[in-house]
Amino acid sequence: MNATLRLDMAALVANWRLVAARGGTAECSAVVKADAYGIGQTQASLALSKAGCKTFFVAIPSEGEALRKLVPDAVIYVLNGLFPGASAFYAANKLRPVLGDVAEVREWMQGDFGPAALHFDTGMNRLGLSEADAAALAADTTFSPALVMSHFVSSERRDDAMNDQQIAALKKRAALYPSAKISMANSSGIFLPQKPHFDLTRPGYALYGGNPTPDAPNPMQTVVYLEAPIVQVRDVPVGARVGYNNVWS
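Let me begin by describing the structure that accompanies this report. (Residues numbered from 1 in each chain as written. Predicted model: local features only at pLDDT ≥ 70, side-chain atom pairs only at ≥ 80, totals over all residues. Heavy atoms only, no water.)

A word on a nonpolar patch on the surface. Nonpolar side chains collect at one region of the surface, where Val236, Val242, Val247 and Trp248 lie side by side and expose about 400 Å² of accessible area between them. For Val247, the location among the structural elements is in the segment after strand E11 (224–227). (Patch = residues over 30% accessible without salt bridge, like charges linked within 9 Å, V, L, I, M, F, W, Y side chains within 5 Å. Areas by Shrake-Rupley, 256 points an atom, 1.4 Å probe, with all protein chains shown as cover. Salt bridge = Lys/Arg side-chain N within 4 Å of Asp/Glu carboxyl O. Helix = DSSP H or I, 4+ residues; strand = E, 2+ residues; numbered from the N terminus.)

Quick look at helix H3 (residues 41–51) now. All of the buried residues along H3 are Gln41, Ala44, Ser45, Ala47, Leu48 and Ala51. Seen end-on, H3 carries its buried residues on one side only, within an arc spanning 165°. Among the structural elements, helix H1 (9–22), strand E3 (30–31), helix H2 (33–37), strand E4 (55–58) and helix H4 (61–70) are those in contact with the buried residues of H3. Positioned one or two residues after H3, Gly52 has a phi angle of 120°, which is positive. (Buried < 20%, exposed > 50% of the residue type's maximum accessible area, 1.4 Å probe, protein only. Arc of directions from axis to C-beta. Contact = heavy atoms within 4.5 Å.)

Mapped onto the elements of the fold, Gln110 is located in the loop between helix H6 (102–108) and strand E7 (117–119). For the pair Gln110 and Lys69, spaced 41 residues apart in the sequence, the C-alpha separation amounts to 27 Å.

Here the focus is the nonpolar core. Leu12, Val32, Phe56 and Leu118 are the most contacted members of the largest nonpolar core, which totals 56 residues. Counting only elements with at least two residues in this core, the list comes to H1, H3, E4, strand E5 (75–78), strand E6 (95–99), H6, helix H7 (131–138) and helix H8 (161–174). Grouped together as the second largest cluster of nonpolar side chains are nine residues, Val31, Phe57, Met149 and Leu200 included. (Core = buried A, V, L, I, M, F, W, Y, C linked by side-chain atoms within 4.5 Å.)

So, in structure tokens, the structure goes:
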């Protein structure tokens, strides 16, 4: 008998419903980047869509193109932003780039390509617009994002002061775009006591069974099971060596 990897789509849906309920009135999306964290974008996205998920996040445009064929009516955001010269591709597949750079915003504004999101860097120092860039863009009233968002640095640490600082920073920058929806909470962010759910939550890791509250028991159901037969059980004397080069004792 070979090893078997078993996937539980019912558990995936149950996890999405749990975090959706935890988010209160906020819409609950699903992050299905990297082939839905390795479990298969097709089956995961179809199961989540059937359960009621209407907004999805992918990492790159090719993931969005594949997802669009599965969920034709869903809202799909591309987290890695606008790839240079790819605006027409995004528009053709009804993909919304998460714009994190002034050059991306300017390129998107050159045509009628549809809605987009703005990503503000509030402390991660990875992707996203700086505070100065945000203010400069806000002065251009011709651009109105559908969504403004940021990403927590350490939301799995409930008592980290950085969480409050980032929430305050996003609120300040979101105020520049009063018509846009706001999104901040990733998997662990959904469980923070501050409840930074805003308009849209973005669970990823937790949907697939990861623990969003590492300081407490995991509230999520297991989605991935690896099952394999036991070939042999041995009794080894104390002090004996095991394996190549006597590595284990």
